[in-house]
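Spelled out, the chains give:
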Amino acid sequence: MNNQETIKNISLAAMFLALGLILPFFTGQIPNIGNMLLPMHLPVMFCGLICGYRYGLMVGFITPMLRSMLFGMPLFYPTALAMAFELMSYGFLIGLLYEKSRWQCLKALYRCLILAMIGGRIVWGIAQFILLGMSGGSFTWAAFVTGAFTSAVPGIVLQLVVIPVVMVALNKTGIVVFKKRAAVDDR
């Protein structure tokens, strides 16, 4: 990676971090809606897709903790800490899977997005289990299913619609181009 691309990725990652800090303000007045729409997830996933898994990992880990320190929401322990591991997983997984995809197209994007969403939710569940267990609380299977899937359905649908639409638009404008790997990589 050359210096110009590194500078571009750092700048974009900073923009995605800022979006991750700002977007929850649009749903923050009604916490239940924010919990359902998952506004911090979108910039982290875009960061992983556009800048790569390293940047997605860093932005994902930093965003919820920085937002907690700056604005007091989400609560640092256990929420922001568990979210840091969850979002770190999203940024890392979607970036890595998409980068390693044989083709970078809509089908590959959906496959990577769904796998990253599942992986991130599993990591969130493990983090919640450990963090709540350390403080004497418990994290049940029902709490995991409710927190990771049932109450998050609107956010999951939003991610499945918005991320591909934006990536296709970026591809059509030439900003982010879908690629097929060279024949050398097919060996």
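Our structure's up above, just so we're on the same page.
Residues numbered from 1 in each chain as written. Predicted model: local features only at pLDDT ≥ 70, side-chain atom pairs only at ≥ 80, totals over all residues. Heavy atoms only, no water.

### With respect to the overall build of the chain
Part 1 of the reasoning: Within the chain, the regular secondary structure consists of 9 helices and 0 strands.
Part 2 of the reasoning: Expected size for 187 residues packed as a compact globule is a radius of gyration near 16 Å; at 17 Å, the chain falls within 12% of this value.
Part 3 of the reasoning: Structurally, the chain occupies a C-alpha span of about 55 × 30 × 25 Å along its principal axes.
Part 4 of the reasoning: With 187 residues in all, the chain has 42% of them scored as buried.
Part 5 of the reasoning: Considering only residue pairs separated by 6 or more positions, the chain has 68% of its internal contacts joining residues 24 or more positions apart. (Helix = DSSP H or I, 4+ residues; strand = E, 2+ residues; numbered from the N terminus. Rg over C-alpha atoms; globule rule 2.2 N^0.38 Å. Buried < 20%, exposed > 50% of the residue type's maximum accessible area, 1.4 Å probe, protein only. Contact = heavy atoms within 4.5 Å.)

### Notes on the nonpolar core
Part 1 of the reasoning: In terms of nonpolar packing, the biggest core is built from 31 residues, with Met45, Cys47, Leu49, Ile94, Ile163 and Met167 touching the most fellow members.
Part 2 of the reasoning: Sorting the residues of this core by element identifies helix H1 (3–22), helix H4 (41–51), helix H5 (53–71), helix H6 (76–100), helix H7 (106–134) and helix H9 (153–173) as the ones contributing at least two each.
Part 3 of the reasoning: If sequence neighbours within four positions are ignored, Leu49 has contacts with Ile94, Gly95, Tyr98, Leu109, Ile163 and Met167.
Part 4 of the reasoning: With 11 residues, the next largest nonpolar core counts Ala82, Ala84, Trp124 and Phe139 among its residues. (Core = buried A, V, L, I, M, F, W, Y, C linked by side-chain atoms within 4.5 Å.)

### A look at the packing of aromatic side chains
Part 1 of the reasoning: Evaluated as defined, the whole model comprises 7 aromatic pairs.
Part 2 of the reasoning: Ring centres of Phe144 and Phe149 lie 5.9 Å apart, and the angle between their planes is 85°; this geometry places the pair in the edge-to-face category.
Part 3 of the reasoning: The class of Phe144 is buried, set by a relative accessible area of 11%.
Part 4 of the reasoning: A relative accessible area of 32% means that Phe149 is categorised as partly exposed.
Part 5 of the reasoning: Through pairs of rings, three or more aromatic residues link up here, namely Trp124, Phe139, Trp141, Phe144 and Phe149. (Phe/Tyr/Trp six-rings, centres within 6.5 Å; stacked < 30°, edge-to-face > 60°.)

Purely spatial values, then, with no claim about function.
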